Amino acid sequence: MIEVCTGDITRLDVDAIVNAANPSLLGGGGVDGAIHQAAGPQLREFNRGLGGCPTGEARISPGFRLPARHVISTVGPVWHGGEQGEPDLLKNAYRHSLELALDNRVRSIAFPAISTGVYGYPLVPAAEIAISVMRCFESRFDLILACCFSQSVADVYEDALERIADCSE
Ligand code: AR6
């Protein structure tokens, strides 16, 4: 099942929350800053040992002080106008996060709107990519949550969820 919710992803009691990280995996602003703040300094220490993460890939860490059991960090693309492989990179970020979750027996997972903040990806196409990849994995999870920080973002996701009913890959 895919659901859209509004609020702070760091509060969610799910098997895994996904972080919209940068390639260092050592923290930053936005949702990344909030997750590191809530998980505590052990997340940064743990991630130091992971040696970074290229755009479109994903890495897993324990949740430390978070209610979530795991943090899956992925790196979405920076938006440069759409002609530099951004859609495929964003698709890969979602796909690799979900594959890594399955490898770790995660049954419930929450995603923020990857790349749509500091990285500048336009919200509507980003939400369409998020929902279409989620549709392809839906049957293998109990719950995939699209965790939106504001109601206006949630509205865009709800619309995409209605329009995109199946996995098209
Ligand atoms: N819970 C859920 N969503 C949130 C939260 C939260 N606590 N805080 C922000 N958002 P962004 P990006 C939303 O900028 O575009 C960092 O510095 C936010 O409103 O966090 O992938 C990293 O280190 C937006 O809708 O991520 C990277 O350098 C969405 O999360 C860079 O930002 C994503 O916004 C990554 O940029």
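The coordinates are above.
Fair warning: this is a prediction, and the values are worked out from it, not measured in the lab.

### Some thoughts on unusual backbone geometry
- With a phi angle near 60°, arginine 105 is a residue other than glycine that sits in the positive phi range.
- The topology assignment puts arginine 105 in the loop between helix H3 (86–103) and strand S5 (108–111).
- With phi around 75°, serine 115 is a residue other than glycine that occupies positive phi space.
- By secondary structure assignment, the location of serine 115 is in the loop between S5 and helix H4 (123–137).
- Residue serine 115 is classed as buried on the basis of its relative accessible area, which comes to 5%.

### Digging into the side chain of aspartate 15
- The topology assignment puts aspartate 15 in the loop between strand S1 (2–6) and strand S2 (16–20).
- Residue aspartate 15 is classed as buried on the basis of its relative accessible area, which comes to 18%.
- Within the local environment of aspartate 15, its side chain forms a polar contact with the side chain of arginine 69, the two groups lying 3.0 Å apart.
- Once you skip the residues sitting within four places of it in the chain, aspartate 15 turns out to touch Ala68, Arg69, His70, Arg105, Val106, Arg107 and Ser108.

### Examining the site of the ligand
- In the vicinity of the ligand there are 19 residues, among which Asn22, Gly29, Asp32, Ser115 and Val118 approach most closely.
- Contacts to the ligand include glycine 117, whose backbone N or O atom sits 2.8 Å from an oxygen atom.
- Alone, the ligand offers 700 Å² of accessible surface; in the complex the protein occludes 88% of this.
- When atom positions are compared with the pocket grids, the ligand is found to occupy the largest pocket.
- Of all the elements, helix H1 (residues 30–39) adds the most residues to the shell around the ligand, at 4 residues.
- Split into classes, the residues belonging to the shell around the ligand amount to 9 nonpolar, 8 polar and 2 charged.

### Regarding the environment of leucine 143
- Within the secondary structure layout, leucine 143 lies in strand S6 (residues 143–148).
- Expressed as a C-alpha distance, the spacing of leucine 143 and arginine 105, which sit 38 residues apart in the sequence, is 13 Å.
- Excluding its chain neighbours within four sequence positions, the residues that come into contact with leucine 143 are Met1, Glu3, Arg107, Ser108 and Ile109.

### What to know about the state of the cysteines
- Evaluation of the coordinates by the stated rule reveals 1 disulfide.
- Between cysteine 136 and cysteine 167 runs a disulfide, and the two sulfur atoms are separated by 2.1 Å. Judged by the torsion about the S-S bond (85°), the cysteine 136/cysteine 167 disulfide is right-handed. One end of the pair, cysteine 136, is in helix H4; the other, cysteine 167, is in the segment after helix H5 (151–163), and 31 residues separate them in sequence.
- Cysteine cysteine 5 shares no disulfide, and the gap to the nearest cysteine sulfur, in cysteine 147, comes to 4.2 Å.
- Between cysteine 148, a cysteine without a disulfide, and cysteine 147, which holds the nearest cysteine sulfur, the sulfur-to-sulfur distance is 6.8 Å.

Analysis parameters
- Residues numbered from 1 in each chain as written.
- Predicted model: local features only at pLDDT ≥ 70, side-chain atom pairs only at ≥ 80, totals over all residues.
- Heavy atoms only, no water.
- Helix = DSSP H or I, 4+ residues; strand = E, 2+ residues; numbered from the N terminus.
- Buried < 20%, exposed > 50% of the residue type's maximum accessible area, 1.4 Å probe, protein only.
- Polar contact = N/O pair within 3.5 Å; in protein donor to acceptor, adjacent residues only side chain to side chain.
- Contact = heavy atoms within 4.5 Å.
- Near = heavy atom within 4 Å.
- Areas by Shrake-Rupley, 256 points an atom, 1.4 Å probe, with all protein chains shown as cover.
- 1 Å grid on protein atoms, 1.4 Å probe; cavity = no way out; pocket = protein on both sides within 12 Å on 5 of 7 lines; lining within 4 Å.
- Sits in = over half its atoms within 2 Å of the grid points.
- Nonpolar A, V, L, I, M, F, W, Y, C, P; charged D, E, K, R; others polar.
- Disulfide = S-S within 2.5 Å.

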